[in-house]
Amino acid sequence: MSVFKCPKCCKTTGGNEAFCTDCGQPLNIKCPACGETWRYMFVYNYCPACGHNMEPVDAEEKLKEELKEEQSTPSLELQLENLQNDEASQE
Ligand SMILES: [Zn+2]
Ligand SMILES: [Zn+2]
């Protein structure tokens, strides 16, 4: 029988939960390299599907950071800057 531990609060679960029953931490991790989703397990330092070296907790934080970077593109900032310049020149 496999034992799963919550990466956030370290509560031991039965291994069938998709989320930690104690703090709500998602226990399914998506590999940033191959996109495979698998159940979080402390013994998994590497993606079981492609062997990508990953630390599950950090990997999730990295995914969030990557999403943030994608949203704030330089072109969008330039567009906003141009809009502000147009408004200023009109007045
Ligand atoms: Zn937890
Ligand atoms: Zn993978």
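Cut-offs and rules
- Residues numbered from 1 in each chain as written.
- Chains lettered and ligands numbered in written order.
- Predicted model: local features only at pLDDT ≥ 70, side-chain atom pairs only at ≥ 80, totals over all residues.
- Helix = DSSP H or I, 4+ residues; strand = E, 2+ residues; numbered from the N terminus.
- Buried ≥ 20, exposed ≤ 12 C-beta atoms within 10 Å, placed from the backbone.
- Contact = placed C-beta atoms within 7 Å.
- pLDDT = per-residue confidence, 0-100.

Attention now moves to the overall build of the protein. For the protein, the helix and strand inventory stands at two helices and four strands. Seen in sequence order, the protein has helices and strands lined up from the N terminus as β-β-β-β-α-α. Here the protein, with 91 residues, has 9% of them falling under the buried criterion. Sequence separation of 24 or more characterises 18% of the internal contacts of the protein that already satisfy a separation of 6 or more.

Scored by pLDDT, the protein comes out at a mean of 75, with 70% of its residues at no less than 70. When the elements of the protein are averaged for pLDDT, helix α1 (residues 56-71) gives the smallest value, 66, and strand β2 (residues 12-13) the largest, 80.

The next thing to look at is unusual backbone geometry. Trans is the prevailing form of peptide bonds, just as negative phi is the prevailing case for residues other than glycine. One non-glycine residue, C10, adopts positive backbone phi at about 65°. With respect to the element layout, C10 can be found in the loop between β1 (4-5) and β2.

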